[in-house]
Amino acid sequence: MAFWDGLLRSRSAQFDTGSAATNSIALTKRRPTVSLTKQGAATGHLRVNLSWRMRTSDIEGRSRQSGLLRHPFKLFQPDVVQAHTQGMVNVDLDLGCLYELADGAKGVVQPLGGFLGSTNEPPYVRLSGDDRFGSGSGETIYVNLDHHAEIKRMLFFVYIYDQTPAFDRTHALVTLFPSSGPRVEIELDERAPQARSCAVFTMENVKGELTVRREVKFVYGFQAELDRLYGWGLQWGRGYKSKL
């Protein structure tokens, strides 16, 4: 293959590729879309995972002071604390999905309200559970793409349940794990100190082709504001979680 052929192919790519070792695709502002159909990943169960870490200023300060004498090069490296316990982190990120099926049915799958969904019957989307502390496994939504012909569009979003605007202190990552092919990663890497919700990505079925598009749009409200932004037309009310 000639050098110019490789150059032209790289320019026509619709996404940023990760390293061969990680086998991942990173969706960015510059390359926001990927076709699951063209990747051969439009069947089986798609796993969508939300995980997050947080910077905690008090812990960060203590760990840096104790470690700089032994590892001076850490001065130039931010100290990120994994969010595992309630004592360290008081932010509860939730993963949700607005869906619209080909027959016009619309709804939401999310922890709040217990709308967990189902993969074997409409809406073919199911939430695995509610992670309140940012554990290593995070939160996961499964989509049964064997029924992709019955799916019109979906919007996956993240919101902060406890109303504390903290996206600027939270390092969140949404990862799509198709049944085959490379995983797709979307970082919530933009600074939005006052935002309480974020539209992460859309998945649309256009003439049989299933396409994922990075959104990463932060809003100051919750699901109702995301609904208005993307024209879902659902009725919303205030919900609460049970205490642990």
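Criteria and thresholds
Residues numbered from 1 in each chain as written. Predicted model: local features only at pLDDT ≥ 70, side-chain atom pairs only at ≥ 80, totals over all residues. Heavy atoms only, no water. Core = buried A, V, L, I, M, F, W, Y, C linked by side-chain atoms within 4.5 Å. Buried < 20%, exposed > 50% of the residue type's maximum accessible area, 1.4 Å probe, protein only. Contact = heavy atoms within 4.5 Å. Helix = DSSP H or I, 4+ residues; strand = E, 2+ residues; numbered from the N terminus. Pairing = 2+ DSSP bridges. Axes fitted to C-alpha atoms, helices over the stretch in contact; angles between N-to-C directions. Phe/Tyr/Trp six-rings, centres within 6.5 Å; stacked < 30°, edge-to-face > 60°. Lys NZ or Arg CZ within 6 Å of the ring centre and 35° of its normal. Arc of directions from axis to C-beta.

With that settled, the discussion passes to the nonpolar core. Counting residues in hydrophobic clusters, the biggest one holds 43 residues, and the most contacted among them are V143, F201 and M203. Every residue in contact with M203, bar those within four places of it in the chain, is listed here: L36, L46, V143, L145, K152, R153, M154, F156, L210, T211 and V212. Core analysis: the next-biggest nonpolar cluster, separate from the first, contains 12 residues, L112, F157, A199 and W232 among them.

A word on the environment of L36. With respect to the secondary-structure elements, L36 resides in the loop between β3 (33-35) and β4 (45-54). Relative accessible area serves as the criterion here: at 1%, L36 is assigned to the buried category. The spacing of L36 and G181 is 145 residues in sequence and 8.9 Å in space, taken between C-alpha atoms. Filtering out sequence-adjacent residues up to four positions away, L36 remains in contact with A41, A42, L46, L145, M203, L210 and V212.

Here we take up the environment of L145. Looking at the secondary structure, you find L145 in the loop between β10 (139-144) and β11 (151-160). Take L145: its relative accessible area is 0%, and that puts it in the buried class. Aside from chain neighbours lying at most four places away, what touches L145 is L36, A41, A42, T43, G44, L46, M203 and L210.

This next bit is on the side chain of T119. Looking at where T119 falls in the secondary structure, it is placed in the loop between β8 (117-118) and β9 (125-127). Of the residues examined, T119 reaches a relative accessible area of 12% and is grouped as buried. For T119, the residues in contact, after removing those within four places along its chain, are H45, Y124, V125, R126, Y142 and N144.

The subject of this paragraph is the sheet that holds β3. Taking strand neighbours across the sheet as the criterion, the 6 strands line up as β3-β15-β14-β11-β6-β7 in an open arrangement whose pairing is antiparallel. Whereas interior strands pair on both sides, the edge strands pair on one side only; in this sheet they are β3 and β7 (106-109). Neighbour to neighbour, the strand axes of the sheet diverge by 20 degrees on average, direction disregarded. Inspection of the sheet shows β11 paired to strand β14 (residues 197-206) by 7 bridges, in the antiparallel sense. Bridge pairing links L155 to T202 in β14. Seen against the sheet, helix α3 (residues 223-230) touches β6 (93-101), β11, β14 and β15 (209-219) and runs at an angle of roughly 125 degrees to β15.

Per the stated rule, a full pass over the model turns up 3 aromatic pairs. Ring plane angle 70 degrees and centroid distance 5.1 Å describe the contact between F167 and F218, whose orientation is recorded as edge-to-face. In this pair, F167 is assigned in the loop between β11 and β12 (170-177) and F218 in strand β15, connecting sequence segments 51 residues apart. Grouping residues by exposure puts F167 and F218 together as buried. Stacked on the ring of F177, the Lys or Arg R47 has its end atom at 4.0 Å from the ring centre. Lying over the aromatic face of W232, R153 brings its terminal NZ or CZ to 3.7 Å of the ring centre.

Right, let's talk about α3 for a bit. Buried within α3 are the following residues: Q223, L226, D227 and Y230. One side of α3 holds all its buried residues, which, seen down the axis, span an arc of 105 degrees. Lining the buried residues of α3 we find β6, β11, β14 and β15. Of the residues trailing α3, G231 is marked for its positive phi of about 65 degrees.

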